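# Commentary on secondary and tertiary structure
Listed here are the chains, written in short residue letters.
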Amino acid sequence: MTSPPLDCGALLREQLDWHWDTQLRPRLDDLADEEYQWEPVPEAWNVRARGTSGAPIQAGSGTFTIDFAYPEPRPAPVTTIAWRLGHLIVGCLAARNASHFEGPVADYDTWVYAGDAAGALAQLDEQMARWRTGVAALGPAGLSAPCGSTEGPYAALPMATLVLHINREIIHHGAEIALLRDLYAHR
């Protein structure tokens, strides 16, 4: 008796879908603006009104910018929920959606960051929906195809490698956001 072929695409989608639908997104439903920008320690990296940051680099094209430095200092600064959502929205999802799934061009310097929780969650929902739709459409051939030049030194690796990486990023940073929410609630 032979086993049916392994559907890696379905497994990749199920991993992210389960985490998003049952863990991360429900934890964000009641995120308030004060909590979104709460700094658990002094000099935390955040999303701030333009011109108010002391970070070496303030990226963004709108009223709000995201703090960062290159190279990243050691130890890296603690980041806020706003910063982590900005990283997920832009660095993990929007830039990849632009490269692989016909999304608009997106990068840290040109992104219009949300200054409030509702705006950030709307951006996150939009980028996550585009990513999930794009991944679902890849099929076995798309998952096996090289990532391409937009992925730098990983260009020759199969697209499934990028999907796994983005899954890890969403799970990893989602857990950090959940912990920050717990710390905020018990401060």
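Above this text sits the structure in question.
Residues numbered from 1 in each chain as written. Predicted model: local features only at pLDDT ≥ 70, side-chain atom pairs only at ≥ 80, totals over all residues. Heavy atoms only, no water.

### Regarding the packing of helix α4 (residues 117–144) against helix α5 (residues 159–185)
How we decide: Note on method: axes are straight lines fitted to C-alpha atoms, helices fitted across the in-contact stretch only, with angles between N-to-C directions ranging 0 to 180 degrees. To qualify as a helix, a DSSP run of H or I must reach at least 4 residues; to qualify as a strand, a run of E must reach at least 2; elements of each kind are numbered from the N terminus. The scheme is simple: roughly parallel for angles under 35 degrees, roughly antiparallel for over 145, roughly perpendicular for 65 to 115, oblique for anything else. Whether a crossing is left-handed or right-handed is set by the direction in which the near helix is turned from the far one by less than a right angle, anticlockwise for left-handed and clockwise for right-handed. Only heavy atoms enter the contact rule, under which two residues are in contact if any of them lie within 4.5 Å. Residues were grouped as follows: Ala, Val, Leu, Ile, Met, Phe, Trp, Tyr, Cys and Pro as nonpolar; Asp, Glu, Lys and Arg as charged; and all remaining residues, including Gly, as polar.
Where α4 contacts α5, the axes come no closer than 10 Å and their chain directions differ by 150°. Between α4 and α5, the angle is such that the two are roughly antiparallel. As α4 packs across α5, the resulting crossing turns out to be left-handed. Contacts from M128, W131, V135, L138, G142 and L143 of α4 reach α5 at M159, A160, L162, V163, I166 and I170. In terms of residue class, the contact of α4 with α5 is made up of 11 nonpolar, one polar and no charged.

### Let's talk about unusual backbone geometry
Note the following rule: Note on classification: 1.4 Å probe, protein chains only; a residue is buried when its accessible area is under 20% of the maximum for its type, exposed when over 50%, partly exposed between these limits.
Following Y70, the chain continues to P71 via a peptide bond in cis, the omega torsion being 0°. With a phi angle near 65°, E43 is a residue other than glycine that sits in the positive phi range. Relative to the assigned elements, E43 resides in the loop between α2 (33–36) and β1 (47–49). Look at E43 and you get exposed, because its relative accessible area is 72%. Of note, E102 is a non-glycine position whose phi angle comes to about 60°, a positive value. As for its position among the elements, E102 is in the loop between α3 (81–100) and α4.

### Here's the deal with the pattern of salt bridges
Side chains bearing opposite charge may pair, as long as their charged atoms lie close to each other. Inclusion rule: Throughout this description, the term salt bridge denotes a Lys or Arg side-chain nitrogen within 4 Å of a carboxyl oxygen of Asp or Glu.
Inspection of every chain in the model, using the stated rule, returns 12 salt bridges. With a closest N to O distance of 2.9 Å, R132 and D17 form a salt bridge. Taken together, the positions of R132 in helix α4 and D17 in helix α1 (residues 8–28) put the pair 115 residues apart, joining distant regions of the chain. For D17, a relative accessible area of 25% puts it in the partly exposed group. Taking the shortest distance from any N to any O, the salt bridge between R96 and E151 comes out at 3.2 Å. Taken together, the positions of R96 in helix α3 and E151 in the loop between α4 and α5 put the pair 55 residues apart, joining distant regions of the chain. Through salt bridges that share partners, D17, D21 and R132 make up one connected network.

### Some remarks on the packing of aromatic side chains
Counted only if it meets this: Aromatic rings from Phe, Tyr and Trp, with only the six-membered ring used for Trp, were paired whenever their centres fell within 6.5 Å, and each pair was classed as stacked if the ring planes differed by under 30 degrees, edge-to-face if by over 60, and tilted otherwise. In this analysis the charged atom, NZ for Lys or CZ for Arg, is taken to sit over a ring once it is within 6 Å of the ring centre and within 35 degrees of the ring normal.
Per the counting criterion, the structure on display carries four aromatic pairs. Geometrically, the ring pair formed by F68 and Y108 is tilted, given 6.0 Å between the ring centres and 50° between the ring planes. One end of the pair, F68, is in strand β3 (residues 64–68); the other, Y108, is in the loop between α3 and α4, with 40 residues separating them in the sequence. Judged by relative accessible area, which is 27%, Y108 ranks as partly exposed. Taking 5.4 Å as the distance between ring centres and 70° as the angle between the ring planes, the aromatic pair formed by F101 and W131 counts as edge-to-face. With F101 in the loop between α3 and α4 and W131 in helix α4, this pair connects stretches of sequence that are 30 residues apart. Comparing F101 with W131 shows no difference in burial state: the two are buried. The ring of Y184 is capped by R187, whose NZ or CZ atom sits 3.7 Å from the centre of that ring.

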